[in-house]
Amino acid sequence: MQTLYRRLLKLMPRLGMQVTDLGPGSAVVSRRGGRVRTPLGPGADLLTRDGGRYQVTTTGEDAWLVARNQTRQKGKSGGRLRTVPLGATGAHLLLDDQAGTDERKLQLSAAEYLCHQHVAAMLDFYGVNCVFDVGANTGQYAKRLRRLGYKGRIVSFEPTAETFARLEKAAEKDPNWWVYQLGLGSEDTVSSIHVGWKTMNSLLPPSDYGRDRYPRFETQRTEEIQIRRLDGMMEKALDGIAEPRPFLKMDTQGFDLEVFTGAGERIADFLGMQSEVAVLRLYEGSPAMNEAIATYEKSGFGITGMYPVTREAATGRVVEFDCVLMRAEAAPAKD
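Residues numbered from 1 in each chain as written. Predicted model: local features only at pLDDT ≥ 70, side-chain atom pairs only at ≥ 80, totals over all residues. Heavy atoms only, no water.

(A) Quick peek at the overall build of the protein. Summing up its helical and strand segments, the protein has eight helices and 18 strands in all. Long-range contacts, defined here as pairs at least 24 residues apart, represent 57% of the contacts in the protein between residues at least 6 apart. If you sum the accessible surface of the protein, you get close to 18,900 Å²; carbon and sulfur atoms cover 51% of it. (Helix = DSSP H or I, 4+ residues; strand = E, 2+ residues; numbered from the N terminus. Contact = heavy atoms within 4.5 Å. Areas by Shrake-Rupley, 256 points an atom, 1.4 Å probe, with all protein chains shown as cover.)

(B) Broad picture of unusual backbone geometry. Although it is not a glycine, asparagine 137 sits at a positive phi angle of roughly 55°. Examined against the element boundaries, asparagine 137 turns out to sit in the loop between β9 (130-134) and α3 (140-147). By relative accessible area, asparagine 137 is classed as buried at 16%. Backbone geometry places glutamine 253, a non-glycine residue, at a positive phi of 55°. Mapping glutamine 253 onto the fold places it in the loop between β15 (246-250) and α7 (256-261). Taking the relative accessible area as the measure of exposure, glutamine 253 reaches 7% and is therefore buried. (Buried < 20%, exposed > 50% of the residue type's maximum accessible area, 1.4 Å probe, protein only.)

(C) Summary view of the packing of aromatic side chains. This model, assessed by the stated rule, comprises eight aromatic pairs. The ring centre of tryptophan 178 lies 3.8 Å from the NZ or CZ of arginine 153, which sits over that ring. (Phe/Tyr/Trp six-rings, centres within 6.5 Å; stacked < 30°, edge-to-face > 60°. Lys NZ or Arg CZ within 6 Å of the ring centre and 35° of its normal.)

(D) How the structure looks around the sheet that holds strand β18 (residues 318-326). Within the open sheet, the seven strands sit side by side as β11-β10-β9-β15-β16-β18-β17. Their pairing is mixed. Looking at which strands have only one partner, the edges of the open sheet turn out to be β11 (177-180) and β17 (302-311). Each strand axis lies, on average, 15° off the axis of its neighbour in the sheet, ignoring direction. Taken together, the five bridges between β9 and β15 define a ladder with parallel strand orientation. Looking at the pairing, aspartate 133 lines up with lysine 249 of β15. Along the sheet, helix α2 (residues 103-126) contacts β9, β15, β16 (272-278), β17 and β18; its crossing angle with β17, the most-contacted strand, is approximately 150°. (Pairing = 2+ DSSP bridges. Axes fitted to C-alpha atoms, helices over the stretch in contact; angles between N-to-C directions.)

(E) Representation of the nonpolar core within the structure. Ranked by size, the top nonpolar core spans 47 residues in total, and within it Phe132, Phe157, Leu248 and Tyr296 carry the most contacts. Broken down by element, the residue count for this core peaks at five residues, all from β18. Phenylalanine 132 has contacts with Val155, Phe157, Leu230, Met234, Ala237, Leu238, Pro246, Phe247, Leu248, Lys249 and Phe270, leaving out every residue within four places of it along the chain. Ranked by size, the runner-up nonpolar core spans 24 residues in total, among them Met122, Ala142, Leu271 and Val324. (Core = buried A, V, L, I, M, F, W, Y, C linked by side-chain atoms within 4.5 Å.)

(F) Geometry of the side chain of glutamine 253. Among the polar contacts made by the side chain of glutamine 253, one reaches the main-chain carbonyl oxygen of threonine 199 at a distance of 3.5 Å. At 2.8 Å, the side chain of glutamine 253 and the side chain of tyrosine 283 are in polar contact. Non-local contacts of glutamine 253, meaning those with residues more than four positions away in its chain, are made with Thr199, Met200, Asn201, Ser202, Leu204, Glu276 and Tyr283. (Polar contact = N/O pair within 3.5 Å; in protein donor to acceptor, adjacent residues only side chain to side chain.)

(G) Quick look at α3. For α3, the full list of buried residues reads Tyr141, Ala142 and Leu145. Viewed end-on, α3 has its buried residues packed into an arc of 100°, placing them on one side of the element. Residues of α3 that are buried in the fold lie against α2, β9, β10 (153-157), β11, β15 and β16. Looking one or two residues beyond α3, the residue adopting positive phi is glycine 149, at roughly 100°. (Arc of directions from axis to C-beta.)

(H) Layout of the packing of α2 against α3. For the pair α2 and α3, interaxial distance at closest approach is 10 Å and the crossing angle is 65°. Judged by the angle between their axes, α2 and α3 are roughly perpendicular. Here α2 and α3 pass one another in a crossing that is right-handed. Along its contact with α2, which presents Glu112, His116, Val119 and Leu123, the element α3 presents Tyr141, Arg144 and Leu145. Its residues assigned to classes, the contact of α2 with α3 comprises four nonpolar, one polar and two charged. (Parallel < 35°, antiparallel > 145°, perpendicular 65-115°, else oblique. Left-handed = near helix turned anticlockwise from the far one by under 90°. Nonpolar A, V, L, I, M, F, W, Y, C, P; charged D, E, K, R; others polar.)

Any link to function would need more than the numbers given here.
Pasting the structure below:
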């Protein structure tokens, strides 16, 4: 004898409803048709309007990713997704079937992500409350820090007029993000910077290697900018912070060591730093990687992370690294 429950389910289609049976004692009733049930595992089912438009990928125990299948979109991958567990962290790397076709691009994207994660973790661990963002461009670095949860002060320096206008716009709604239209270096002066090289504007001319690698270096426009020493800017930048714990980030296209020198004895105030160091020099007169790192280590910093920024497509050689360094003695004491 049929139960009242079963009788009611049979009546539903006559009323324009679709019934999808999920098992003993459970069903889904919907006005629109085309519902498809996809079992995921014990006690879990996926109900979709069109089963052909979705795919399910396991992302760990009792967890699944549901994504639209891309096979119907021109130029897209086949939509085949797989997950790679990242050790015992609980995190998974999600890859589609095209991810391995450009190993260099995959590696560099992963390195960029891991670098930002590492810096954010170091800022939190060391209790950093002011980041000096030297060579800020349009504010990409500061915005990433905010997305990763850093809430302390950010002081950004960008010398060129057009780029600074965009930086100022990016920071206008963030009262704890200060911006200065200045370059930093080893002396207070006025100098000319090469512009029109997008994110690679530099006070230094390109090397022969740089010219061969980047056609943009053929542009010869320059702009006159103000340059200040870092030690002369620190009191203003740290004003109002009772116990400053600063971090120095430099991305100045071959000029990082000049910025570092301009900190003078005040470099001892910094708990950590990040610098772009060159294995293959793009700019004439820029320091080699071993020279820059030796200078940083001599001042008491130790490397906590090295992340490739660019690599040659033809050879696989790394051109530049983002190098993150911290003062070990500034780390919080263990309980």
